[in-house]
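# Secondary and tertiary structure notes
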Amino acid sequence: MEVIIRADEDAAARLVARIIVKELRANPHLVLGLATGRTMEAVYRLLAQAHRKERLDFSLCRTFNLDEYVGLPSDHPGSYRYSMNQHLFKRVNIDLRNTHLPESEAPDLEAECERYEQLIQRSGGIDLQLLGIGQAGHIGFNEPLSALRSRTRVKMLTPTTIRQNAPFFGGPGKVPRRAITMGVGTILDCRRLLLLATGPEKADIVAKAVEGPITAMISATALQLHSRCTVVVDEPAASRLQGADYYRWIFANEPEWEEFR
Ligand code: F6R
């Protein structure tokens, strides 16, 4: 795992967007894993800008989102399909048929989870998966006690997650209770992982995820098992990291990061 600390939210999102731009330019057929939530909105704004101003081409790219609420129609403003269309897909030249989210209105949810796993496999696997982190340490909707080898499945959301996402729905009572999410095992199968966390409210959980013991209680700790995982944080989110000086030293000296400094 590598941890990169940037001064503020904007600089952190810029670095993440630049990594994605570089990967997409190197491989126009990139299979890109996407996340939703407030943190990602800045990244999608920057990717849309790169499309507009630098002709970043999404026409051959395929995407898989981590998760979707159960039972929400795709045109519901709280659904992740709606959010992705608004923040990214409608703003770039991606073919919507190449954008995938779990179909959470499917009559047989278990079959849908299996179909989603197979679709990822048939696409050759995910090259680069973008991740956020919830305040209880989830990646995707892998809530506490998610098996570290879990695959795409239906999960019940914790009260913490429901509270965290309530503003998107106009109150906790309106947040769906269940979601389909890629499993921790599905995420660990991706070739590269890129997690972005910003803001002081993420400081505690980022420290646990990066420096704490691996535990199913905090699914993000499983990222420590991945051979190519980059965690990008801003200073407020990095404030509880014990190894912050070491991470800064690596970023300042590692040749791979020279073009991003
Ligand atoms: C949603 C997802 C979640 C979010 C996490 C952080 O697709 O994967 O794990 O990334 O809940 O959400 P924000 O960015 O709203 O704090």
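Definitions and cut-offs
- Residues numbered from 1 in each chain as written.
- Predicted model: local features only at pLDDT ≥ 70, side-chain atom pairs only at ≥ 80, totals over all residues.
- Heavy atoms only, no water.
- Helix = DSSP H or I, 4+ residues; strand = E, 2+ residues; numbered from the N terminus.
- Buried < 20%, exposed > 50% of the residue type's maximum accessible area, 1.4 Å probe, protein only.
- Contact = heavy atoms within 4.5 Å.
- Near = heavy atom within 4 Å.
- Polar contact = N/O pair within 3.5 Å; in protein donor to acceptor, adjacent residues only side chain to side chain.
- Nonpolar A, V, L, I, M, F, W, Y, C, P; charged D, E, K, R; others polar.
- Pairing = 2+ DSSP bridges.
- Axes fitted to C-alpha atoms, helices over the stretch in contact; angles between N-to-C directions.

The next point concerns the environment of Val21. Among the secondary structure elements, Val21 is positioned in helix α1 (residues 9-26). Residue classification places Val21 among the buried residues on the basis of a relative accessible area of 13%. In contact with Val21, other than residues within four places in its own chain, are Leu47, Ala50 and Leu56.

A separate point is the site of the ligand. As a matter of local geometry, the ligand sits amid 15 residues, with Thr36, Thr39, Asp67, His138 and Lys202 nearest to it. Taking Gly140, its main chain carries an N or O atom lying 2.8 Å from an oxygen atom of the ligand. Here an oxygen atom of the ligand sits 3.0 Å away from a polar atom, N or O, in the side chain of Gln164. Classifying every residue of the shell around the ligand gives 4 nonpolar, 8 polar and 3 charged.

With that out of the way, let us pick up the sheet that holds strand β8 (residues 178-181). The strand order across the open sheet built from 3 strands is β4-β8-β7, with neighbouring strands paired in antiparallel fashion. Edge positions in the open sheet fall to β4 (67-69) and β7 (153-156), since each of these has one partner strand only. Geometrically, the sheet is characterised by an average inter-axis angle of 30° between neighbouring strands, direction not taken into account. With 4 bridges connecting them, β7 and β8 associate as antiparallel partners. Each residue of the ladder has a partner; that of Lys155, found in β8, is Ala179. The strands that helix α4 (residues 109-122) touches are β7 and β8; relative to β8, the one it contacts most, it runs at about 25°.

Moving on: the pairing of strand β6 (residues 128-131). Remember that side chains alternate between the two faces of the sheet whenever the strand is regular. Neither face of β6 is open: one carries Leu128 and Leu130, the other Gln129 and Leu131, and all of them are buried. For strand β2 (residues 31-34) and β6, the ladder comprises 2 bridges, and the chain directions are parallel. Note on β6: the bridge partner recorded for Gly33 is Gln129. Alignment of β6 against strand β9 (residues 192-197), held across 4 bridges, turns out to be parallel.

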